[in-house]
Amino acid sequence: MKKIIWTTSIQELSDTPELHIKNTREVIPSWFKKIKIHEGKNFLDKIKTVKTCPSFAEIFNEGFVMLSPVDIYINVKENYYEWRIPSPLFRLEEHPKEQFLKFANIPNASYVSKFISSWNCITPKGYSLRQMPMFYEEQPDFYVPYGVVKTDYSHEINPQLIFNGDKKEIHIKQGQPLAIYVPYKRKDKLNLSIEDYSIHNRKIKQSSFYTSGSTFRSNYHKYN
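This is a predicted model, so every value here is computed, not measured. (Residues numbered from 1 in each chain as written. Predicted model: local features only at pLDDT ≥ 70, side-chain atom pairs only at ≥ 80, totals over all residues. Heavy atoms only, no water.)

Draft legend 1. Structural view of the side chain of Ser68. Secondary-structure assignment places Ser68 in the loop between strand S5 (64-67) and strand S6 (72-76). A distance of 2.6 Å separates a polar atom in the side chain of Ser68 from the backbone oxygen of Val70. Not counting the four nearest positions on each side in its chain, Ser68 is found in contact with Leu19, Ile172, Lys173, Gln174, Gly175, Gln176 and Leu178. (Helix = DSSP H or I, 4+ residues; strand = E, 2+ residues; numbered from the N terminus. Polar contact = N/O pair within 3.5 Å; in protein donor to acceptor, adjacent residues only side chain to side chain. Contact = heavy atoms within 4.5 Å.)

Encoded structure:
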């Protein structure tokens, strides 16, 4: 069976399980856990909530989450920023605006930094990781942008942090989720084909019945 390996050279982090890379299903937002399958006071008022939506349950059941291994403090100045991390084992590296922000149209983005996390990921040959920002988490001060790492031969995972808004002091807490990483097989390339609906009508209707019926709802509970 193929496996994905996460490892760190920092023994202190290696010896702290609560700060290890987590399966995404272990970091489901608390607001989503609290939602009921139906909402409403009586039978006539009841409506299905987002908890029955396949897209939500599926994203919470794939990939891995990197947590911040330390507290990160950022003070944003007019033309630069300062950072402080209470450990010499981690650091931020600034990406000058001439590298990215000068050209990208990203509203409210002030600075970009790379977090040297110490995590390394090793995937089987032909597999990469997609880096994505945390789903449905309230992180108004920063986010980690979408990216791809060919982790079958480039193993360091150092996420970029894009600081938002005009807040002058930002605190990323130890244990706070930073980014999601989803492995995929690069060689599985698909060619785009736009085809007549009638050719696939039966299959599409069967799929619609599956996702709107009770089958999916009963399967969801194993993710919660």
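After that view, the rundown keeps rolling.
Draft legend 2. Up close: the nonpolar core. The biggest cluster of nonpolar side chains holds 31 residues, and the ones touching the most others in it are Trp6, Ile74 and Phe115. For this core, the elements supplying multiple residues, two or more each, are S5, S6, strand S9 (109-116), strand S10 (119-122), strand S14 (160-164), strand S15 (169-172) and strand S16 (177-185). If sequence neighbours within four positions are ignored, Trp6 has contacts with Ile21, Phe64, Trp119, Asn120, Cys121, Leu129, Ile157 and Tyr181. (Core = buried A, V, L, I, M, F, W, Y, C linked by side-chain atoms within 4.5 Å. Buried < 20%, exposed > 50% of the residue type's maximum accessible area, 1.4 Å probe, protein only.)

Draft legend 3. A look at the sheet that holds S15. Spatial ordering of the open sheet is given by S7-S6-S15, a layout of three strands whose pairing is antiparallel. Among the strands making up the open sheet, the edge pair consists of strand S7 (81-84) and S15. Averaged over all neighbouring strand pairs, the angle between strand axes comes to 15°, with direction disregarded. By the bridge criterion, four bridges tie S6 to S15 in an arrangement that is antiparallel. When the sheet's bridge partners are listed, Ile74 is paired in S15 with Ile170. (Pairing = 2+ DSSP bridges. Axes fitted to C-alpha atoms, helices over the stretch in contact; angles between N-to-C directions.)

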